[in-house]
Amino acid sequence: MSLKPYYTATRGSEKDFLRDIKPGDHLYVVNEHSDRGKSYSEWIVTNKRFLGALEVKSPAHGGTMTAQRLLRLEREVLTQRPSHLPNRGAKDRHDAYTEDAQRAAKLVGDLHAMEASTALSEHYRSLARR
């Protein structure tokens, strides 16, 4: 079964969500910040279970929770990266003085965040195949 573009915290959608996800899948949540606007955070489905539900893990901070809890807390989970929003997990650790340097630093941060999430996803896909 393929993933839908998004799942909402309704009984039917939650049931579909828990049935459709598998280890290694990327999940995205849109975050609202009063001072910075919108961004997204990424979660990877692991092969671990807690009370029967698959766990998800954040590549940005390493936190875990069940997929069911993520959906219920956030009210909507996307299965496609929202490319129009910045990634909350992509850290910009550079003091850039020019606009071009700031843009380059942001691209590097985004690339590192994507590499970390891809590596985590592949790890859990390989564990699920065993």
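What you are looking at is a predicted structure, and each value in this text was computed from that prediction instead of being measured.

Engineer: I would appreciate a short explanation of unusual backbone geometry in the present structure.
Structural biologist: Note on backbone geometry: most residues besides glycine have negative phi, and most peptide bonds are trans. The phi angle at Leu51 is positive, at roughly 55 degrees, despite the residue not being glycine. Positive phi outside glycine occurs at Arg75, with the angle close to 75 degrees. One can find Arg75 in the loop between α2 (67-74) and β6 (76-78). The exposure class of Arg75 is exposed, given its relative accessible area of 51%.

Engineer: Where do I start with the environment of Ala60 in this structure?
Structural biologist: Relative to the helices and strands, Ala60 resides in the loop between β4 (53-57) and β5 (64-66). Considered as a pair, Ala60 and Leu85 are 25 residues apart in the sequence and their alpha carbons are 16 Å apart.

Engineer: I'm lost on the nonpolar core in this one. Help?
Structural biologist: As a rule of thumb, nonpolar side chains are buried together in soluble globular proteins. If you look at the biggest cluster of nonpolar residues, it comprises 14 residues, and the most contacted ones within it are Phe17, Ile21, Leu27, Trp43, Val56, Leu70 and Val77. Among the elements that make up this core, the one with the highest residue count is α2 (three residues). For Leu70, the residues in contact, after removing those within four places along its chain, are Leu27, Val29, Trp43, Val56, Met65, Arg75 and Val77.

Engineer: Any chance you could explain the pattern of salt bridges here in plain terms?
Structural biologist: Counted according to the given criterion, the structure contains eight salt bridges. Two residues, Glu14 and Arg72, come together in a salt bridge whose shortest N-O distance is 2.9 Å. Pair noted here: Glu14 is in helix α1 (residues 11-20) and Arg72 is in helix α2, with a separation of 58 residues, a long-range link. Look at Glu14 and you get buried, because its relative accessible area is 10%. With relative accessibility at 47%, the residue Arg72 sits in the partly exposed group. Each of Lys4, Asp16, Arg19 and Asp20 takes part in salt bridges that share partners, so that together they form one network.

Engineer: Before we go on, may I ask you to explain the packing of aromatic side chains in this structure?
Structural biologist: Given two aromatic rings, their pairing is described by the distance between the two centres and the angle made by the two planes. Under the criterion given, the structure shown has two aromatic pairs. Between Tyr7 and Phe17 the ring centres are 5.1 Å apart and the planes differ by 55 degrees, which places this aromatic pair in the tilted class. Of the two residues, Tyr7 sits in strand β1 (residues 6-8) while Phe17 sits in helix α1, which places them ten residues apart along the sequence. Taking the relative accessible area as the measure of exposure, Tyr7 reaches 0% and is therefore buried.

Engineer: Could you clarify how one ought to interpret the pairing of strand β3 (residues 37-50) in this entry?
Structural biologist: Working note: regular strand, side chains alternate between the two faces of the sheet. Pairing of strand β2 (residues 26-33) with β3 involves eight bridges; the strand directions are antiparallel. Across the sheet, residue Val29 finds its bridge partner in β3, namely Ser41. Connecting the antiparallel pair β2 and β3 is a turn made up of three residues. The pairing of β3 with β4 spans four bridges and is antiparallel. Bridge pairing in β4 links Arg49 to Leu54.

Here is what the cut-offs are and how they apply
Residues numbered from 1 in each chain as written. Predicted model: local features only at pLDDT ≥ 70, side-chain atom pairs only at ≥ 80, totals over all residues. Heavy atoms only, no water. Helix = DSSP H or I, 4+ residues; strand = E, 2+ residues; numbered from the N terminus. Buried < 20%, exposed > 50% of the residue type's maximum accessible area, 1.4 Å probe, protein only. Core = buried A, V, L, I, M, F, W, Y, C linked by side-chain atoms within 4.5 Å. Contact = heavy atoms within 4.5 Å. Salt bridge = Lys/Arg side-chain N within 4 Å of Asp/Glu carboxyl O. Phe/Tyr/Trp six-rings, centres within 6.5 Å; stacked < 30°, edge-to-face > 60°. Pairing = 2+ DSSP bridges.

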